[in-house]
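Below, each chain spelled out in residue letters.
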Amino acid sequence: MDDAGLSHVKALRGAMFRLVQALINGTEAITADRELVNAAAAEPLPALRLEADGVHRDGDLGAVLAVLARDCLELHASDDRPALRWCADEHCTRAFVDRSRGARRRWCGMRGCGDRAKAAAYRQRRRTPAP
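Residues numbered from 1 in each chain as written. Predicted model: local features only at pLDDT ≥ 70, side-chain atom pairs only at ≥ 80, totals over all residues. Heavy atoms only, no water.

Chemist: Can you tell me about helix 2 (residues 31-41), naming the residues and giving the values?
Modeler: Among all positions in helix 2, only Asp33, Val37, Ala40 and Ala41 are buried. Down the axis of helix 2, the sector holding all buried residues measures 100 degrees, keeping them to one side. (Buried < 20%, exposed > 50% of the residue type's maximum accessible area, 1.4 Å probe, protein only. Helix = DSSP H or I, 4+ residues; strand = E, 2+ residues; numbered from the N terminus. Arc of directions from axis to C-beta.)

Printed below as a string of structure tokens:
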């Protein structure tokens, strides 16, 4: 990938992040971000072919980005839209779909953010004597 391709990938990543951010926060999306993601989603998808060893995908960088951009756009029309949340870890920037039974999930995943939070809470309880 050349410098122009890398710059395009980073711009698209930022645009998709801001679109998801606007979706979760209930704010208006930036027009330029919508246009960038729409343009990427309009590119041809990877070609699929079945061979003896399984399914193979052929395509260039634009095809890969088209898949990601379409996933971002599908999220806006998804039934999961109301369940989108931000991770409660103050250092994490990940969004997730909360499909937990009580819709009370706090972290993007237990590996990493959830584990750190629970370990910190445990250490805090151990330091504080019971009344």
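That shown, we press on.
Chemist: Describe the nonpolar core, with residues and values.
Modeler: Judged by nonpolar contacts, the single largest core of 13 residues is most densely connected at Leu12, Met16, Leu19, Val37, Ala69 and Cys72. Counting residues per element, the ones that place at least two in this core are helix 1 (3-25), helix 2 and helix 3 (61-77). Broken down by element, this core gets its largest block of residues, 6 residues, from helix 1. Once residues within four sequence positions are removed from consideration, leucine 19 is found in contact with Ala29, Asp33, Arg34, Val37, Cys72 and His76. (Core = buried A, V, L, I, M, F, W, Y, C linked by side-chain atoms within 4.5 Å. Contact = heavy atoms within 4.5 Å.)

Chemist: Could you give an account of the packing of helix 1 against helix 2, with specific residues and numbers?
Modeler: Running from amino to carboxyl end, helix 1 crosses helix 2 at an angle of 120 degrees, the nearest separation of the two axes being 9 Å. As helix 1 runs across helix 2, the sense of the crossing is left-handed. Each of His8, Ala11, Leu12, Ala15, Met16, Arg18 and Leu19 in helix 1 lies in contact with helix 2, whose residues at this interface are Asp33, Arg34, Leu36, Val37 and Ala40. Per-class residue counts for the contact of helix 1 with helix 2 are 8 nonpolar, 1 polar and 3 charged. (Axes fitted to C-alpha atoms, helices over the stretch in contact; angles between N-to-C directions. Left-handed = near helix turned anticlockwise from the far one by under 90°. Nonpolar A, V, L, I, M, F, W, Y, C, P; charged D, E, K, R; others polar.)

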